[in-house]
Amino acid sequence: MSENFEKTGNIKTGDTEVIRGLEGVVAAETDISYVDGVNGDLYDKGYNIHDLAGVCTYMEVAYLLLHGDLPTKAEGRTFRQQTINEMRLPSQVVKMMEIMPPHSHPMDVLRTVVSSLSNFDPECDDNSPASNKRKAIRLIAQIPTIVAHLYRIRRRESILSPDPHINMAANILYMINGKMPAEDHIRAMDQLLLLHADHGMNASTFAARVTASTHADMHAAVTSAIGTLKGPLHGGANERVMKMLKEINNVDEVEEYIDSMLAQGLRVMGFGHRVYKKEDPRARHLRKSSEMLFKDTSADKNFFSISHRIEDIVLAKKGIYPNVDFYSATVQHALGIPEEFYTTIFAASRISGWTAHILEQYANNRLIRPTS
């Protein structure tokens, strides 16, 4: 057949410039969050992340993203209870998780299970604003449960139901580790979730909005986001940070290790950011959490000390700051979360931002369809 056709080559587009990676391209207007890369600031619904971290809870920030302002005490209690009440999973979904191949990555299981939940959601095909807000709350509640249940299933331990009397952060740790967490662990987990809740037009959020722009249902849009978050250039970077830290035995080995990486032209995971020209503001708070958690650690080695030394060396030799992934790895390690689950914890937080963006896309929609 090929001899019957003439190959004409690439079609020229005149003076149109191709922006690789869409860098600097404004794809949407949003008031959900804003990343100020020049000044190193992050705003959620107009609130600086430094003002939210350590003062608000993750559930208050989730409410903020969905509703536009921080809740009153009564609104916060109601929202927290609504969410906790939706944390249980259909028994059929739990059985599906039990038969998943044990070698499958937790992000792959999460992606499959979230997609399957659409079949059990009575409002799946109802794209009205009220219905979508209820689905958002259900997904914010269910994704942490999926993560915890999968962890217990993999360890062949009985799964635990959420405790209606404790908050989301405490429930995640309780359902994973099987015991009520210490207060400092709850605070660290809550702040980890808060700091990951939303972050501008990142790759997974953009993927969610592209899917939502077709008027696909919310579960479909969130499934797109989860698939995108898995990549090591996005959410998966924190796993690779921990693998790097485990290869370094102590602080004295750090400089030689980093020099070797830089000499080979290898990327030091957890450093640099396309938007931030200064320090990622979230890294500042996670650094403090990591230091606090490793102060009295009984671990074989102090991963905070190793991490901090890496930060000093990379900053001095390359002028590059750590991003959110760098210290989130050591925080999660200290909380007893295995590295293959790090990105699922990221998703358990970012679901609040994803759903807020999906709701915003539905409210002022135009099919996202760039040219090539």
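Everything discussed here concerns the structure shown above.
Residues numbered from 1 in each chain as written. Predicted model: local features only at pLDDT ≥ 70, side-chain atom pairs only at ≥ 80, totals over all residues. Heavy atoms only, no water.

Topic: the nonpolar core
Working step 1: By size, the foremost hydrophobic cluster in this structure holds 108 residues, and its most contacted members are Tyr-58, Met-189, Leu-194, Val-222, Ile-310 and Ile-345.
Working step 2: In terms of residue count, helix α6 (residues 129-154) provides more of this core than any other element does, 12 residues in total.
Working step 3: Apart from residues no more than four positions distant in its own chain, Ile-310 is found in contact with Met-244, Leu-245, Ile-248, Val-254, Ile-258, Val-268, Phe-271 and Phe-326. (Core = buried A, V, L, I, M, F, W, Y, C linked by side-chain atoms within 4.5 Å. Buried < 20%, exposed > 50% of the residue type's maximum accessible area, 1.4 Å probe, protein only. Helix = DSSP H or I, 4+ residues; strand = E, 2+ residues; numbered from the N terminus. Contact = heavy atoms within 4.5 Å.)

So, the side chain of Asp-41
Working step 1: Positionally, Asp-41 belongs in strand β2 (residues 41-44).
Working step 2: There is no salt bridge for the buried Asp-41, and the closest opposite charge comes from Arg-284, which lies 6.2 Å off by N-O distance.
Working step 3: Once residues lying within four places of it in the same chain are set aside, the contact partners of Asp-41 are Tyr-34, Val-35, Asp-36, Asn-48, His-50, Tyr-276 and Pro-281. (Lys, Arg positive; Asp, Glu negative; His and termini not counted. Salt bridge = Lys/Arg side-chain N within 4 Å of Asp/Glu carboxyl O.)

Considering the layout of surface pockets
Working step 1: If you add up the space inside the largest pocket, you get close to 1,600 Å³.
Working step 2: Every residue lining the largest pocket is counted, 48 residues in all, and those nearest its centre are Met-201, Asn-202, His-273, Arg-274 and Val-275.
Working step 3: Contributing elements (two or more residues each) for the lining of the largest pocket: β1 (33-36), α9 (203-213), α14 (303-318), α15 (324-334) and α16 (342-363).
Working step 4: With 3 residues, β1 is the single largest residue contributor to the lining of the largest pocket.
Working step 5: A per-class count over the lining of the largest pocket returns 24 nonpolar, 15 polar and 9 charged.
Working step 6: The computed volume of the second largest pocket comes to approximately 690 Å³.
Working step 7: Every residue lining the second largest pocket is counted, 24 residues in all, and those nearest its centre are Val-25, Ala-27, Ile-368, Arg-369 and Pro-370.
Working step 8: When contributions to the lining of the second largest pocket are tallied by element, the ones reaching two or more residues are α9 and α16.
Working step 9: Broken down by element, the residue count for the lining of the second largest pocket peaks at 3 residues, all from α16. (1 Å grid on protein atoms, 1.4 Å probe; cavity = no way out; pocket = protein on both sides within 12 Å on 5 of 7 lines; lining within 4 Å. Points joined across faces, edges and corners; volume = space filled by probe spheres on them. Nonpolar A, V, L, I, M, F, W, Y, C, P; charged D, E, K, R; others polar.)

Considering the packing of α9 against α16
Working step 1: At a minimum axis distance of 9 Å, the contact between α9 and α16 shows a crossing angle of 35°. Relative to α16, α9 is oriented so that their crossing is right-handed. Contacts between α9 and α16 pair Ser-204, Thr-205, Ala-208, Arg-209, Ala-212 and Ser-213 from the former with Arg-350, Trp-354, His-357, Ile-358, Glu-360, Gln-361 and Tyr-362 from the latter. (Axes fitted to C-alpha atoms, helices over the stretch in contact; angles between N-to-C directions. Left-handed = near helix turned anticlockwise from the far one by under 90°.)

With respect to the environment of Ile-172
Working step 1: By the element assignment, Ile-172 lies in helix α7 (residues 168-177).
Working step 2: On the basis of relative accessible area, Ile-172 is assigned to the buried category, the value being 1%.
Working step 3: Between the alpha carbons of Ile-172 and Asp-36 there is a distance of 31 Å; along the sequence they are 136 residues apart.
Working step 4: Other than its neighbours up to four places away in sequence, Ile-172 contacts Pro-144, Ala-148, Met-189, Leu-193 and Ile-345.

Examining the sheet that holds strand β3 (residues 47-48)
Working step 1: Taken together, the 3 strands give an open sheet; going across it, the order is β1-β2-β3, and neighbouring strands pair in antiparallel fashion. Looking at strand neighbours, the two that pair on one side only are β1 and β3, the edges of this open sheet.
Working step 2: Here β1 runs beside β2; their pairing, made up of 4 bridges, is antiparallel. In the sheet register, Asp-36 faces β2, and the bridge partner there is Asp-41. (Pairing = 2+ DSSP bridges.)

Quick look at the environment of Glu-75
Working step 1: Take Glu-75: it is sitting in helix α3 (residues 73-85).
Working step 2: Glu-75 sits in the partly exposed class, given a relative accessible area of 35%.
Working step 3: When the C-alpha atoms of Glu-75 and Gln-332 are compared, they prove to be 30 Å apart, with 257 residues separating the residues in sequence.
Working step 4: Contact partners of Glu-75, with chain neighbours within four places excluded, come to Tyr-63 and Leu-70.
Working step 5: A polar side-chain atom of Glu-75 sits 3.5 Å from a polar atom in the side chain of Tyr-63. (Polar contact = N/O pair within 3.5 Å; in protein donor to acceptor, adjacent residues only side chain to side chain.)

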